[in-house]
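# Understanding the architecture of this molecule
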Amino acid sequence: MQYKRRRKIVFDFTETENQKLMIKSVKEFCDRYLTSEKIREMDDKGHPYPRDIAEGLCSLGIVMGTVPMEHGGSGIDWMTQGMIAEVIGYYDPTIATAAGFMAVETGWGFTIDRYCSKTVREKYIKPAINGEKFVGIATTEPGGGSDVAGFKSTAKKEGDEWVINGEKTFISGTEECQKWGGGYWINVRTGPTLPEAPHRNMTSFFLPIDADGVEVQEPYRDAGRMAISTGGFTMKDVRLPEEYRLGEVNKGFYYTMEGFDNARLLIAFSCVGVIQRVIDEATPYIKERKVFGRPLAKYEAIQFELAEIYLEMEALRLMAQKTAWMQDIRYQEEGMPAKTSEARTFKPTEVAKWISLIKWKGPSLALDAARKAMLWFGAAGYTKDYLLEAAWRGVMSYVVGAEGGLNIQKIVVARELLGKEFIPYK
Ligand SMILES: Cc1cc2nc3c(=O)[nH]c(=O)nc-3n(C[C@H](O)[C@H](O)[C@H](O)COP(=O)(O)OP(=O)(O)OC[C@H]3O[C@@H](n4cnc5c(N)ncnc54)[C@H](O)[C@@H]3O)c2cc1C
């Protein structure tokens with residue numbers, strides 16, 4: 001057994017002038033429109049997501065900012081988009097804005113743009129970039145979400161059209177999509193399910209929400225992330241022309257995994273913002289609040305927890321930045337802008353491993369930070385006077401399942417460590 005020394009990599013995550021400018025304008029917007037009072041109001045009122053805020057964020061060029069300029073986006077890199085997600089996660093720790101709205105639209109809008117026809121781009125992607133429409137992802141079905149290849153919806157070719165039948169559940173933004181117009185990335189089976197390779201024979205389409213045969217159901221009564229809806233829809237003999245197909249027939253699984261990577265990366269960045277917000281909310285409180293005659297902040301039990309949360313946030317931020325750096329290099333090969341001149345590339349599965357590490361740890365650490373801070377606040381932490389409980393409820397959505405549950409992230413990591421032959425469900 002011999003220790004293998006990994007190549008030394010020099011990271012430089014110093015903000016560029018362009019990043020500084022973009023972050024400044026996002027902060028100015030958030031200071032004005034995503035105040036604590038507004039977030040509380042959005043959380044109390046629930047969905048649909050406020051249209052003016054969505055349009056305002058879009059006007060900054062930061063929703064689907066990674067879409068190339070020639071397709072209507074801002075052509076920014078993932079590092080910049082991630083830094084923006086962190087800022088928004090800070091201002092809206094319920095993560096309805098950061099993760100529910102921005103990460104879904106950006107992660108999936110960008111991926112749809114990569115594989116869609118000119119028609120879909122013109123009719124849906126460009127308007128969604130401007131805040132006129134909503135686009136999202138609909139993979140989960142009543143039979144389950146973790147098993148991305150285990151879905152039942154089908155598409156059969158009839159003449160020039162595909163006829164689609166099936167059902168999707170727990171889909172972010174169904175109410176917003178219905179009200180604003182737009183549609184979803186869907187996966188359907190275009191051939192038999194092969195027991196040894198269920199991910200084959202899966203094709204992706206763009207489904208306009210107002211297509212004939214689509215019936216949208218009432219949104220669920222979610223526990224958190226209240227400002228954006230989660231709902232479902234059925235598809236009965238929905239006819240889609242070829243130009244609504246995303247990428248090649250039977251390759252949908254691979255494109256979908258790419259889409260998950262893009263969205264998960266931004267969710268992790270949002271969680272860095274949430275943890276920073278928890279620290280900033282809690283620090284003045286524990287310095288002020290006295291128990292047994294002394295401020296809470298004087299007790300080591302509290303200090304140790306604060307220090308642990310701080311460590312975890314800094315580690316998560318560094319990991320998220322390293323992951324964005326890898327993601328930029330991965331896409332740089334395809335002509336996207338990146339901040340590095342590093343002449344190297346990464347296997348997509350290596351990048352996916354890092355993305356799963358931060359998607360697993362990001363929401364878990366943010367949830368834990370919010371829970372600990374709620375305890376420091378005592379009964380006050382259990383009230384709606386502070387955003388801690390709303391952060392705790394919101395972040396939980398990304399722990400239980402949104403964009404893939406915890407165990408699924410661990411399976412992705414273990415696959416890279418052990419090899420594909422050890423994937424448990426094969
Ligand atoms: C607020 C919210 C928004 C969402 N938005 C969307 C959306 O926009 N689009 C969309 O398609 N879906 C969406 N989802 C659904 C999400 O993708 C699923 O919740 C997720 O994939 C898990 O699927 P499931 O809920 O069916 O749980 P299941 O697949 O039934 O899994 C249940 C539990 O078992 C664990 N598990 C699964 N497989 C294994 C295994 N092999 N080993 C060990 N443990 C395992 C899971 O981690 C999970 O904890 C959303 C969910 C939420 C909560």
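Residues numbered from 1 in each chain as written. Predicted model: local features only at pLDDT ≥ 70, side-chain atom pairs only at ≥ 80, totals over all residues. Heavy atoms only, no water.

### Concerning a nonpolar patch on the surface
On the surface, Leu-417, Leu-418 and Phe-422 cluster together to form a nonpolar patch covering roughly 360 Å² of accessible area. Position of Leu-417 among the secondary structure elements: in helix 12 (residues 406–418). Look at Leu-417 and you get exposed, because its relative accessible area is 63%. (Patch = residues over 30% accessible without salt bridge, like charges linked within 9 Å, V, L, I, M, F, W, Y side chains within 5 Å. Areas by Shrake-Rupley, 256 points an atom, 1.4 Å probe, with all protein chains shown as cover. Salt bridge = Lys/Arg side-chain N within 4 Å of Asp/Glu carboxyl O. Helix = DSSP H or I, 4+ residues; strand = E, 2+ residues; numbered from the N terminus. Buried < 20%, exposed > 50% of the residue type's maximum accessible area, 1.4 Å probe, protein only.)

### Considering the site of the ligand
Residues in contact with the ligand amount to 21 residues; listed here are only the nearest, Thr-139, Thr-140, Ser-146, Phe-170 and Ser-172. Between an oxygen atom of the ligand and a main-chain N or O atom of Thr-139, the distance comes to 2.7 Å. Note that a nitrogen atom of the ligand is positioned 2.9 Å from one of the backbone N or O atoms of Phe-170. Expressed as a share of its isolated accessible area of 970 Å², the protein-covered part of the ligand is 68%. Where the shell around the ligand is concerned, the elements lending two or more residues are strand 1 (134–138), strand 3 (161–172), helix 11 (388–400) and helix 12. (Near = heavy atom within 4 Å. Polar contact = N/O pair within 3.5 Å; in protein donor to acceptor, adjacent residues only side chain to side chain.)

### Remarks on the pattern of salt bridges
Side chains that carry opposite charge are capable of pairing whenever their charged atoms lie near each other. Under the defined criterion, the tally for this structure stands at 27 salt bridges. Lys-168 is the partner of Glu-141 in a salt bridge, and the nearest nitrogen-oxygen pair spans 2.8 Å. Separated by 27 residues along the polypeptide, Glu-141 in the loop between strand 1 and strand 2 (154–158) and Lys-168 in strand 3 bring together distant segments of the chain. For Glu-141, a relative accessible area of 5% puts it in the buried group. Residue classification places Lys-168 among the buried positions, given a relative accessible area of 0%. Between Glu-161 and Arg-239 there is a salt bridge, and its shortest N-O distance comes to 3.0 Å. One end of the pair, Glu-161, is in strand 3; the other, Arg-239, is in strand 7 (residues 230–241), with 78 residues separating them in the sequence. Overall, the relative accessible area of 29% leaves Glu-161 in the partly exposed class. When its relative accessible area of 41% is taken as the criterion, Arg-239 is described as partly exposed. Each of the salt bridges in this network shares a partner with another, and the network as a whole consists of Arg-40, Asp-43, Asp-44, Glu-389 and Arg-393.

### Here's the deal with the nonpolar core
Counting 130 residues, the largest nonpolar core has Ile-88, Phe-101, Ile-186 and Phe-233 as the members making the most contacts within it. The element best represented in this core is helix 8 (residues 252–288), accounting for 18 residues. Those residues in contact with Phe-101 that sit more than four places away from it in its chain are Tyr-49, Ala-54, Leu-57, Cys-58, Val-63, Ala-96, Phe-134, Trp-180 and Ile-228. (Core = buried A, V, L, I, M, F, W, Y, C linked by side-chain atoms within 4.5 Å. Contact = heavy atoms within 4.5 Å.)

### With respect to the domain arrangement of the protein
For the protein, the assigned domains read domain 1 (17–134), domain 2 (136–246) and domain 3 (252–422). A C-alpha centroid distance of 19 Å is found between domain 1 and domain 3. Between domain 1 and domain 3, roughly 3200 Å² of surface is buried when both sides are summed, and carbon and sulfur atoms account for 63% of that area. Our enumeration of links across domain 1 and domain 3 arrives at four salt bridges. Seen at the junction of domain 1 and domain 3, the total is 15 residue pairs in polar contact (both at pLDDT 80 or more). Breaking the side of domain 1 that touches domain 3 down by element, the ones donating at least two residues are helix 2 (36–45), helix 4 (78–91) and helix 5 (96–115). The dominant element in the side of domain 1 that touches domain 3, judged by the number of residues it contributes, is helix 5, at 12 residues. Its residues assigned to classes, the side of domain 1 that touches domain 3 shows 17 nonpolar, 12 polar and six charged. (Domains from an automatic or database assignment. Buried area = accessible area lost by both parts, 1.4 Å probe. Nonpolar A, V, L, I, M, F, W, Y, C, P; charged D, E, K, R; others polar.)

### Some words on the layout of surface pockets
Here the second largest pocket is characterised by a volume of approximately 250 Å³. Considering the residues around the second largest pocket, the lining is formed by Glu-15, Ile-23, Lys-27, Met-83, Glu-86, Val-87, Tyr-90, Tyr-91, Gly-273, Gln-276, Arg-317 and Gln-321. Listed by contribution, the elements that provide at least two residues to the lining of the second largest pocket are helix 1 (17–33), helix 4, helix 8 and helix 9 (300–332). Among the elements that line the lining of the second largest pocket, the one with the most residues is helix 4, at five residues. Here the residues of the lining of the second largest pocket sort into five nonpolar, three polar and four charged. (1 Å grid on protein atoms, 1.4 Å probe; cavity = no way out; pocket = protein on both sides within 12 Å on 5 of 7 lines; lining within 4 Å. Points joined across faces, edges and corners; volume = space filled by probe spheres on them.)

### Digging into the state of the cysteines
Each disulfide consists of a covalent bond between the sulfur atoms of two cysteine residues. What the rule picks out here adds up to zero disulfides. The thiol sulfur of Cys-30 is not disulfide-bonded, and the nearest other cysteine sulfur, from Cys-58, lies at 13 Å. A relative accessible area of 6% places Cys-58 in the buried class. (Disulfide = S-S within 2.5 Å.)

### So, the side chain of Gln-19
By the secondary structure assignment, Gln-19 is in helix 1. By relative accessible area, Gln-19 is classed as buried at 2%. A distance of 2.9 Å separates a polar atom in the side chain of Gln-19 from the backbone nitrogen of Thr-16.

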